[in-house]
Amino acid sequence: MKMAITEAAKFLGVDISTLRRWEDEGKIKPERTRGGHRRYDKDELLSLSNKRKNIKLTIAYARVSSSDQKENLERQINNVSSYCIARGYQFKVISDLGSGLNNNKKGLIELLDLICSNEIERIVINYKDRLIRYGYEIIEEVCKHHNVSIEVINHTDDKTYEEELVEDVLSIITVFSSRLYGSRSHKTKRVIDEIKKIMTE
């Protein structure tokens, strides 16, 4: 029995984008009609479904806010990788470059796709705010729904990210001040300058 991509996605309980990604990764090879449409064999889908039930990955996730933090990112990757290796986890590293306020990062979107596709067992992060700074509880609830655990290596405050936190706070203030007074307003500039002074004292 052959299925169209929408039927195959529904059969496996995944998004269409997930099927396309699996095809790119060589996990599944649909046939093509003369019109170029994908057709999936039901037996192959069943085989893939059984494999997914038995083998789930660990995702080692790392993030920094800017490109000048490359060394920091490498340290994070080494830390989460060493942690996973020591515990015998079968893992994949996903890294991101972007603010903790940005919910549209490529790596984060890939991670959420893997969670919702029931492909992973756990997420390993160095610090809680590496996953996301605001909205962590929402991701945590999504993980609970899909039986994904989050393992945080360090539970102490991460002092190296104080500067990053200042930048995130300033970013929020800048957005709201611009909406209130206009992006070129003297009031906006004065508010930002005052906050910068307070945050750096």
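Draft legend 1. Representation of the overall build of the chain within the structure. If you tally the helices and strands in the chain, you get nine helices and seven strands. Out of the 201 residues in the chain, the part that is buried amounts to 38%. Expressed as a percentage of contacts within the chain between residues at least 6 apart in sequence, the contacts between residues at least 24 apart total 66%. Of the accessible surface of the chain, which amounts to about 12500 Å², a share of 51% is contributed by carbon and sulfur atoms.

Draft legend 2. Inspection of the nonpolar core at higher detail. Counting residues in each nonpolar core, the largest one holds 17 residues, and the members touching the most others are Tyr61, Leu111, Ile115, Ile120, Ile123, Ile125 and Leu131. Listed by contribution, the elements that provide at least two residues to this core are strand S4 (57–64), helix H5 (106–116), strand S6 (120–125) and helix H7 (136–145). Of the residues forming this core, the biggest block, four residues, is contributed by H5. Ignoring sequence-local partners within four residues, the contact set of Ile120 consists of Lys56, Leu57, Ile59, Leu111, Leu114, Ile115 and Val148. Ranked by size, the runner-up nonpolar core spans twelve residues in total, among them Met3, Ala8, Ala9 and Leu48.

Draft legend 3. Representation of the pairing of strand S5 (residues 91–97) within the structure. Pairing of S4 with S5, which is carried by seven bridges, proceeds in the parallel orientation. By the bridge assignment for S5, Ala62 is matched with Ser95. Assessed by its sense of winding, the connection that carries the chain from S4 through helix H4 (residues 70–86) to S5 is right-handed.

Draft legend 4. Fine view of the sheet that holds strand S3 (residues 38–41). The three strands lie next to each other as S1-S3-S2, forming an open sheet whose pairing is antiparallel. This sheet does not close on itself; its edge strands, each paired only once, are strand S1 (2–3) and strand S2 (31–32). As paired strands, S1 and S3 are joined by two bridges and run antiparallel to one another. Note that in S3 the partner of Lys2 across the bridge is Asp41.

Draft legend 5. Molecular detail of H5. Taken together, the buried positions of H5 are Gly107, Leu108, Leu111, Asp113, Leu114 and Ile115. Where H5 is buried, its residues meet helix H2 (16–24), S4, S5, S6, helix H6 (128–131) and H7. Directly after H5, the chain includes Asn118, whose backbone phi takes a positive value near 60 degrees.

Draft legend 6. Examining the sheet that holds strand S7 (residues 149–152) more closely. Spatially, four strands are ordered S5-S4-S6-S7 in an open sheet, and the strand pairing comes out parallel. The two strands at the open ends of the sheet, each matched to only one other strand, are S5 and S7. In this sheet, neighbouring strand axes are inclined to one another by 25 degrees on average, regardless of whether the strands run parallel or antiparallel. Sheet topology places S6 next to S7; four bridges connect them, and they run parallel.

Draft legend 7. Focus on H2. Turning to H2, its buried residues number three or more, namely Thr18, Leu19, Arg21 and Trp22. On an axial view of H2, the arc spanned by its buried residues comes to 160 degrees, and they lie on one face. Downstream of H2 by a residue or two, Gly26 has a phi angle that is positive, lying close to 80 degrees.

Draft legend 8. Structural detail: the packing of aromatic side chains. Inspection of the entire model under this criterion finds one aromatic pair. Above the face of the Tyr89 ring, Arg122 is positioned so that its terminal group lies 3.7 Å from the ring centre.

Draft legend 9. Broad picture of the pattern of salt bridges. One pass over the structure, following the stated rule, counts 13 salt bridges. Notably, a salt bridge pairs Glu23 with Arg32, separated by 3.3 Å at the nearest N-O pair. Exposure remark for Glu23: the relative accessible area of 21% places this residue in the partly exposed category. Notably, a salt bridge pairs Lys27 with Glu25, separated by 3.3 Å at the nearest N-O pair. For Glu25, a relative accessible area of 39% corresponds to the partly exposed category. Salt bridges linked by common partners bring Arg21, Glu25, Lys27, Asp113 and Glu119 together as one network.

Conventions used here
Residues numbered from 1 in each chain as written. Predicted model: local features only at pLDDT ≥ 70, side-chain atom pairs only at ≥ 80, totals over all residues. Heavy atoms only, no water. Helix = DSSP H or I, 4+ residues; strand = E, 2+ residues; numbered from the N terminus. Buried < 20%, exposed > 50% of the residue type's maximum accessible area, 1.4 Å probe, protein only. Contact = heavy atoms within 4.5 Å. Areas by Shrake-Rupley, 256 points an atom, 1.4 Å probe, with all protein chains shown as cover. Core = buried A, V, L, I, M, F, W, Y, C linked by side-chain atoms within 4.5 Å. Pairing = 2+ DSSP bridges. Right-handed = clockwise from strand over helix to strand, strands pointing away. Axes fitted to C-alpha atoms, helices over the stretch in contact; angles between N-to-C directions. Arc of directions from axis to C-beta. Phe/Tyr/Trp six-rings, centres within 6.5 Å; stacked < 30°, edge-to-face > 60°. Lys NZ or Arg CZ within 6 Å of the ring centre and 35° of its normal. Salt bridge = Lys/Arg side-chain N within 4 Å of Asp/Glu carboxyl O.

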